[in-house]
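# Summary of structural features
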Amino acid sequence: MADSGNSIAQGQHLAGTELMTRSAEARAQYAKANPKSFALFEKTKASLPGANTRSVLHYSPFPVTIARAKGAQVEDIDGHHYQDFLGEYTAGLYGHSHPVIVDAITKALANGLTFGGPNAVESKFAQLMCSRFAAVERLRFCNSGTESNVLALSAARAFTERTDILVVNGSYHGSVLAFAGNSPLNLPFPTHRMTFNNLESAKQQILNLDSKLAGVLVEPMIGAGGCIPADPEFLTSLRHLTEQTGALLIFDEVMTSRLGASGLHGLYGITPDLVTFGKYLGGGLSFGAFGGRADILDRFDPARAGAWPHAGTFNNNTLSLSAGFAGLNNIFGPKESDAFLVHGDTFRTRLADSIHSLGLPIHITGKGSMMAFHFCDEAPRAPYDLHRIPAELYELIHLSMMARGQFHARRGMINLSLAASDEMLETFKNIFVEVMREYGELIEQAVLP
Ligand SMILES: Cc1ncc(COP(=O)(O)O)c(C=O)c1O
């Protein structure tokens, strides 16, 4: 027994050593291939901490600096071209510089910026979003997905006159609403956590918190935590339980509203009290919105006595709203978004089938045009701790894909844009399979006990 224990420990150690060696080699090659990005990274550190102003954009040993992008291609300052399968973490749905969006921004620009008064585009975009998203009777614009969630939670607390909120453990709803680990920067709302797709956990929390609970904030598919779809029954139960206790149900569709004509709440036929939006709905510019039940949203009506205040200098900025309206109205109508959902599902299935044929512990989860790969025995059903898998494995795969001209998120997220051709998808799939095959043994050793 003691002998076999030692040999396992030694085997793991050797596997670890091999992974360390291969990732160090990949880092060295990457650094050699990207001298200009490295020099700028070093220089910028003096003014931006770690040369970074958006945490998710950092990856080791240093990120490449992007010079320009067009369609579904990006180019870095060292002159490398990549197929863009990051899609700006879902905000890049339309691809880079879609002519319809560029035209809308150019026309808006010609009319002048920031008027200090209402404008016509906010009216038509609000009408379009209300007609498009089933749960949205009224909405308000803001500037980011973070802001939309902060405002939705604050509105839920004000409306119910309750204090506490419930979220999914491992979820991400914005820079001050990050629930993977314990961020010291999170808003000081009394916050409780449940396990995703676990009905018992949800039921226990909601019933226990009862009249203290103001709102439940949940993504109908976990995005940042690994593109893990909710069981529709889980969401339906959240709807029933919140109705039972009087808490508001808030769906964060900042990422997922692109999945079908009316987002996932429309697809599943579930009506949350509030829905939050962001990302691609700004057409590639900064954007946020939150909407839902008229009786809640109407509390913001400034003409009402005791109206809730919600200012924001750039809430109705014409550039974001013109780009967003043009995208949703002229490019991504209900028919196109339903078709893109199917297109994404088809691609993910093909990618997953190809990976499956390698017989490795890799799973690809997701819905429509959003997906993620995971190194594990079974497809995850809730956000899980990526730290179980050595960071060097994700690094090795990511840098190897980049060396072959493919751009996706370090943590394994892949997002399709409307600009990616079938040929690009095929190239990505083939390279992805080739890389996973090349490192198959290291993947097995990292996952298997
Ligand atoms: C589900 C979800 N909600 C909210 C946010 C925050 O959006 P923003 O980065 O625009 O503040 C994000 C960002 O990734 C997100 O994925």
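Residues numbered from 1 in each chain as written. Predicted model: local features only at pLDDT ≥ 70, side-chain atom pairs only at ≥ 80, totals over all residues. Heavy atoms only, no water.

A separate point is the pattern of salt bridges. Taken as a whole, this structure holds 20 salt bridges when the rule is applied. Between Arg68 and Glu75 there is a salt bridge, and its shortest N-O distance comes to 3.3 Å. Glu75 gets classed as buried once you look at its relative accessible area, which sits at 18%. For the salt bridge of Lys429 with Glu426, the shortest nitrogen-to-oxygen distance reads 3.7 Å. Within this pair, Lys429 and its partner Glu426 are both found in helix α13 (residues 422–438), separated by three residues, close to a single helical turn. (Salt bridge = Lys/Arg side-chain N within 4 Å of Asp/Glu carboxyl O. Buried < 20%, exposed > 50% of the residue type's maximum accessible area, 1.4 Å probe, protein only. Helix = DSSP H or I, 4+ residues; strand = E, 2+ residues; numbered from the N terminus.)

A separate point is the sheet that holds strand β16 (residues 413–415). Read across the sheet, three strands follow the order β13-β14-β16 without closing on themselves; strand pairing throughout is antiparallel. Each edge of the open sheet carries a strand with a single partner, namely β13 (362–367) and β16. Sheet twist, expressed as the average angle between the axes of neighbouring strands with direction ignored, equals 20°. Where helix α11 (residues 334–356) meets the sheet, its contacts fall on β13, β14 (370–375) and β16, and the angle it forms with β13 comes to roughly 175°. Along the sheet, α13 makes contact with β13, β14 and β16, crossing β14 at roughly 10°. (Pairing = 2+ DSSP bridges. Axes fitted to C-alpha atoms, helices over the stretch in contact; angles between N-to-C directions. Contact = heavy atoms within 4.5 Å.)

To continue, consider helix α14 (residues 440–447). Taken together, the buried positions of α14 are occupied by Gly440, Leu442, Ile443 and Val447. Around the axis of α14, the buried residues are gathered within 165° of arc, so they sit on the same side. (Arc of directions from axis to C-beta.)

For the rest of this paragraph, the subject is the domain arrangement of the protein chain. When cut into domains, the protein chain gives domain 1 (12–93 + 335–447) and domain 2 (99–331). Using C-alpha coordinates to define each centre, domain 1 is positioned 28 Å away from domain 2. Taken together, the contact pairs 27 residues of domain 1 with 30 residues of domain 2. In total, about 2200 Å² of surface goes out of reach between domain 1 and domain 2, with carbon and sulfur atoms giving 63% of it. Linking domain 1 to domain 2 there are one salt bridge. As a salt-bridge pair, Arg381 and Asp231 come within 2.8 Å of each other at their nearest N and O atoms. In this structure, the connection of domain 1 to domain 2 is made through 12 residue pairs in polar contact (both at pLDDT 80 or more). Broken down by secondary-structure element, the contributors of at least two residues to the side of domain 1 that touches domain 2 are α11, β13, β14 and β16. The greatest single-element share of the side of domain 1 that touches domain 2, amounting to five residues, is contributed by α11. Of the residues in the side of domain 1 that touches domain 2, the class split is 14 nonpolar, eight polar and five charged. (Domains from an automatic or database assignment. Buried area = accessible area lost by both parts, 1.4 Å probe. Polar contact = N/O pair within 3.5 Å; in protein donor to acceptor, adjacent residues only side chain to side chain. Nonpolar A, V, L, I, M, F, W, Y, C, P; charged D, E, K, R; others polar.)

Now for helix α7 (residues 232–245). Its 14 residues place the ends of α7 20 Å apart at the C-alpha level, agreeing with the 20 Å of an ideal helix rising 1.5 Å per residue. Regarding α7, the residues found buried are Phe234, Leu235, Ser237, Leu238, Arg239, Leu241, Thr242 and Thr245. Along its buried surface, α7 packs onto β6 (191–194), α6 (199–209), β7 (213–218), β10 (248–252) and α8 (263–268). Residue Gly246 follows α7 closely and has a positive phi angle near 85°. (Expected span 1.5 Å × (residues − 1).)

Our next topic: the sheet that holds strand β3 (residues 81–84). The pairing of strands in a sheet happens through backbone hydrogen bonds and is either parallel or antiparallel. Pairing is mixed across the open sheet formed by four strands, whose spatial order is β1-β2-β3-β15. Single-partner strands in this sheet number two, and they are β1 (66–70) and β15 (406–407).

Turning to unusual backbone geometry, a few remarks are in order. The phi torsion of most residues other than glycine is negative, and most of the peptide bonds are trans. For the peptide bond that leads from Ser60 to Pro61, omega is -5°, which places it in the cis range. Here Pro61 shows up in the loop between α2 (35–44) and β1. Notably, Thr90 is not glycine yet its phi reads approximately 90°, a positive angle. The topology assignment puts Thr90 in the loop between β3 and α3 (99–110). On the basis of relative accessibility, which here comes to 0%, the residue Thr90 falls in the buried class.

What follows is about the site of the ligand. In the vicinity of the ligand, the contacting residues are Ser144, Gly145, Thr146, Asn149, Tyr172, His173, Gly174, Glu219, Asp252, Val254, Met255 and Lys279. Contacts to the ligand include Gly145, whose backbone N or O atom sits 2.8 Å from an oxygen atom. In the environment of the ligand, an oxygen atom lies 2.8 Å from a nitrogen or oxygen atom belonging to the side chain of Lys279. Within the complex, the protein chains bury 84% of what would otherwise be the 390 Å² of accessible surface of the ligand. In the shell around the ligand, the residues fall into three nonpolar, six polar and three charged. (Near = heavy atom within 4 Å. Areas by Shrake-Rupley, 256 points an atom, 1.4 Å probe, with all protein chains shown as cover.)

Our focus in this paragraph is the nonpolar core. If you look at the biggest cluster of nonpolar residues, it comprises 105 residues, and the most contacted ones within it are Phe125, Met129, Leu238, Phe373 and Phe375. In this structure, this core is formed jointly by two domains, domain 1 (12–93 + 335–447) and domain 2 (99–331), each of which donates at least three residues. Ignoring anything within four residues of it in the chain, the contact list for Phe375 reads Pro361, Ile362, Tyr384, Arg388, Ile389, Leu393, Tyr394, Ile397, Met436, Ile443 and Val447. Judged by nonpolar contacts, the second largest core, of 20 residues, contains Leu153, Ala155, Leu217 and Phe290. (Core = buried A, V, L, I, M, F, W, Y, C linked by side-chain atoms within 4.5 Å.)

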